[in-house]
Amino acid sequence: MELHDIISIRDLSKSKINHILKVSEDMEKHGARKNKYLDGKILATLFFEPSTRTRLSFETAMGRMGGSSIGFSESGTTSTSKGESLKDTIRTVESYADAIVIRHPQEGSARLAANVASVPVINAGDGSNQHPTQTLLDLYTIKRETGALKKNIALIGDLKYGRTAHSLAYALSMFGAKMTFISPKGLEMPEEVITDLAKFNTKIEETNDLEGSIPGLDVLYVTRIQKERFPDPEEYEKVKGAYKITLKTLESAKKNSIILHPLPRVDEIAPEVDATKHARYFKQVHYGLPVRMALLGLVMGALD
Amino acid sequence: MKGVKVKRIENGTVIDHITGGQALNVLQIIGVHKEYPKAVLTVAMNVPSKKMGTKDIVKIEGRELKAVEVDKISLISPNSSINIIRDFEVKEKKDVSLPKTVEGVLKCDNPNCITNFEATKTLFAVEEISPLKLRCSFCERTMSEREIIKQF
């Protein structure tokens, strides 16, 4: 399969996504055993913004496949701080590396990097726009843990600013999932995103009522509500409580329903929920590895 | 043109079949006030048209429109036709058509888009024609017709 860059979920067709998920499954079967698919290859991880999971999982994936990584995890230590343009940074790095993973605060930066670079570029987050590898690992988790993507799925929390929620909603629409958007007033899914989903004839329900929605759901995808979005701290405290997943919230949940979260979580899921069968967010982190192995192998032409 | 008195021009450009009501936006988009501040202009608006219901017409004396200006017109009036006049005769006739992508002409409205930080040509995909909606190929945000016209 031809797959050179991973910039936006919008670039991927349903069949390409299915193929990526299939290769991810093959990679998962390898487990922690090292393979040689990317023997001698070098990955550059350019993190102009901080990240824990994404950068570490890409570097681990590279190591598992026999390759190695170079890069930085904050732009203060690079020539960018001297005013170097992103284009020049990319032109420099591409002569050292076989592929580039980039996280950058400006929207569209990964696309620009891909236009400049001759080596493959993977977007690990461009401002508030896209984080396609997170979306792919979310899809993989839903498929592995529930058996299908065409499920009743709720996206919960800050749906206005969360890039994860936007790209996941887009991808799930392609697969015919039924979606419920549950958010506090003022943090609803933007109208523009909803209009965009209409082309897939997706069944969408919007509500502020978390408890009332729980019984019908197969998947609860919880996102963080950021304090800084609220001008009034009291308002934040109220909202925070109403959208928190606790053991009580889950009393009416389907037995097989699962809870996912892109992490980091603050307090939107109570710690005691971690011990329930519903909690799959750490499993979700675990699945990030095979998915990123598959993507690295595919873009560098070592897997097909 | 029956019943509308518009003088023929000797040399210049006639933009015909402009979507009714868009003539002033067409002038703004071409930047007539900056590019051709002294040009003699004739503007006819809401002229009855068999094909279009109503249409607008703009005549610019002594100026022939450049290709990039024609591209800009296509953004808000995709069915216009451009006639280049020399010695009172139509020497060239071009039908404007809205391309699938718009390159370099516009600035992205998203202040945090990388194209507003790095020297690079902007690129937009045309998502809807009327009213116009473009999507930035870099940051993926959309721009409405109103936001686009504001740029000129």
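Thresholds applied
- Residues numbered from 1 in each chain as written.
- Chains lettered and ligands numbered in written order.
- Predicted model: local features only at pLDDT ≥ 70, side-chain atom pairs only at ≥ 80, totals over all residues.
- Heavy atoms only, no water.
- Helix = DSSP H or I, 4+ residues; strand = E, 2+ residues; numbered from the N terminus.
- Expected span 1.5 Å × (residues − 1).
- Buried < 20%, exposed > 50% of the residue type's maximum accessible area, 1.4 Å probe, protein only.
- Pairing = 2+ DSSP bridges.
- Axes fitted to C-alpha atoms, helices over the stretch in contact; angles between N-to-C directions.
- Contact = heavy atoms within 4.5 Å.
- Domains from an automatic or database assignment.
- Buried area = accessible area lost by both parts, 1.4 Å probe.
- Salt bridge = Lys/Arg side-chain N within 4 Å of Asp/Glu carboxyl O.
- Polar contact = N/O pair within 3.5 Å; in protein donor to acceptor, adjacent residues only side chain to side chain.

1. Thoughts on helix H5 (residues 132–146) of chain A
Residue and element names in this part refer to chain A.
- Along its 15 residues, H5 runs 21 Å from first to last C-alpha, staying within 8% of the 21 Å computed at 1.5 Å per residue.
- Counting buried positions along H5 gives twelve out of 15 residues, so the element sits mostly inside the fold.
- Residues Pro132, Thr133, Gln134, Thr135, Leu136, Leu137, Asp138, Leu139, Tyr140, Thr141, Ile142 and Glu145 constitute the buried set of H5.
- A positive backbone phi angle near 95° is found at Gly147, which sits one or two residues after H5.

2. Digging into the sheet that holds strand S1 (residues 12–19) of chain B
All names here are of chain B.
- Here five strands make up an open sheet; going across it, the order is S2-S3-S1-S4-S5 and the pairing antiparallel. Pairing within the sheet leaves two strands with one partner each, and these edge strands are strand S2 (41–49) and strand S5 (89–95). Neighbouring strand axes in the sheet, compared pairwise and without regard to direction, differ in orientation by 20° on average.
- Across six bridges, the pairing between strand S4 (residues 81–86) and S5 is antiparallel. Counterpart to Ser81 in the pairing with S5 is Asp95.
- Of the strands in this sheet, S1, S2 and strand S3 (53–61) are in contact with helix H1 (residues 23–30), which crosses S2 at around 145°.

3. A few points about the domain arrangement of chain A
Residues and elements named next belong to chain A.
- Per the domain assignment, the segments of chain A are domain 1 (9–130 + 288–299) and domain 2 (132–285).
- Measuring from the centre of the C-alpha atoms in domain 1 to the corresponding centre in domain 2 gives 26 Å.
- Carbon and sulfur atoms supply 62% of the area that domain 1 and domain 2 bury against each other, a total of about 2,300 Å² over both sides.
- For the domain 1 face of the interface with domain 2, the top three residues by lost area are Ile9, Leu21 and Arg53, together amounting to 27%.
- Joining domain 1 to domain 2, the criterion identifies two salt bridges.
- With a shortest N-O distance of 2.9 Å, Arg144 and Glu28 are connected by a salt bridge.
- Taken together, the links from domain 1 to domain 2 amount to seven residue pairs in polar contact (both at pLDDT 80 or more).
- Listed by contribution, the elements that provide at least two residues to the side of domain 1 that touches domain 2 are helix H1 (14–30), helix H2 (53–64), strand S4 (121–126) and helix H10 (281–299).
- No other element matches H1, which puts eight residues into the side of domain 1 that touches domain 2.

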